[in-house]
Amino acid sequence: MQLRKQAAFVLYVGSYLPLGVVLLVQDIEPAAFGTTVCRPSALFAGSCRLPLLHPGWSLGVVAAGIACVMVTLLTLRSTAVPHRIRVSEVKHIPADLINYAMPYIVSFMALDFASPAKLLGFAVFFVWIFWITYRSGQIVMNPLLIVFGWKLFEVKYGYLQSGDTLVGRALARNDLEPNRVYRQGNLQDVLILVPQDKEDPHG
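Residues numbered from 1 in each chain as written. Predicted model: local features only at pLDDT ≥ 70, side-chain atom pairs only at ≥ 80, totals over all residues. Heavy atoms only, no water.

**Let's talk about the layout of surface pockets**
Over the atoms rolls a probe the size of a water molecule, and its path tells where empty space is left. Estimated volume of the second largest pocket: approximately 450 Å³. As for the second largest pocket, its lining consists of 21 residues, of which Val13, Leu23, Val61, Phe122 and Phe126 are closest to the centre. Looking at the lining of the second largest pocket, the elements that each hand over two or more residues are α1 (5–14), α2 (17–26), α4 (55–78) and α6 (116–135). For the lining of the second largest pocket, a count of residues per class yields 18 nonpolar, three polar and no charged. (1 Å grid on protein atoms, 1.4 Å probe; cavity = no way out; pocket = protein on both sides within 12 Å on 5 of 7 lines; lining within 4 Å. Points joined across faces, edges and corners; volume = space filled by probe spheres on them. Helix = DSSP H or I, 4+ residues; strand = E, 2+ residues; numbered from the N terminus. Nonpolar A, V, L, I, M, F, W, Y, C, P; charged D, E, K, R; others polar.)

**Observations concerning the packing of α1 against α4**
Packing of α1 against α4 brings their axes to within 7 Å, and their N-to-C directions diverge by 115°. Handedness of the α1/α4 crossing: left-handed. Contacts between α1 and α4 involve Val10, Leu11, Val13 and Gly14 from the former and Gly65, Cys68, Val69, Val71, Thr72 and Thr75 from the latter. For the contact of α1 with α4, the class distribution of residues is six nonpolar, four polar and no charged. (Axes fitted to C-alpha atoms, helices over the stretch in contact; angles between N-to-C directions. Left-handed = near helix turned anticlockwise from the far one by under 90°. Contact = heavy atoms within 4.5 Å.)

**With respect to a nonpolar patch on the surface**
Together, Trp128, Trp131 and Ile132 make up a nonpolar patch on the protein surface, roughly 330 Å² of accessible area in all. Relative to the helices and strands, Ile132 is located in helix α6. Given the relative accessible area of 43%, Ile132 is considered partly exposed. (Patch = residues over 30% accessible without salt bridge, like charges linked within 9 Å, V, L, I, M, F, W, Y side chains within 5 Å. Areas by Shrake-Rupley, 256 points an atom, 1.4 Å probe, with all protein chains shown as cover. Salt bridge = Lys/Arg side-chain N within 4 Å of Asp/Glu carboxyl O. Buried < 20%, exposed > 50% of the residue type's maximum accessible area, 1.4 Å probe, protein only.)

**Regarding the pairing of strand β2 (residues 151–159)**
Bridging between strand β1 (residues 83–92) and β2 involves seven bridges; their strand directions are antiparallel. When the bridges of β2 are listed, Glu89 appears paired with Lys156. Sheet analysis places β2 next to strand β3 (residues 166–172), joined by seven bridges and oriented antiparallel. Residue pairing for β3: Glu154 is matched across the bridge by Arg169. Count of turn residues in the β2/β3 antiparallel hairpin: six residues. (Pairing = 2+ DSSP bridges.)

In structure tokens:
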């Protein structure tokens, strides 16, 4: 399945939910450190306020990240896996933390919700990294998926109806094993693999 740019951007933003949390923490008023934390009931009653310099921005960024993560997980779970392949070789691929960490590094360079110019510059950088990731077909590969049990593999495989051997990258929630049959779908250039049903007599 080839992702549309809008859907791909949602998946990309979701992968940076931790960055939103970092920016939220940086937005806490200095005087708030060491004080008593407000109870949720006090917040709703209006007797206590969030100690954030820009609550709309900081909470909005985190909320958007959470929503995008939910869409990402739903997309992965709902990807159709109509094909059956036999995996012959499996190699686990560690997450590419260097490229993933770049926006985090920039976020610590005096990024401030009160500085529109800096926010605009970061937005340009963020969109540029997204475009490179999208064009390379790697939009669904991000280390945040590790938290939810997804792993990235390089696999040699072949379709059951074909004798050709192919090589590709695959996401799966289970450890892949060689010489096993899996159900397979695609999300951009990445294979989505799920175990073959045990009750299927053709496995």
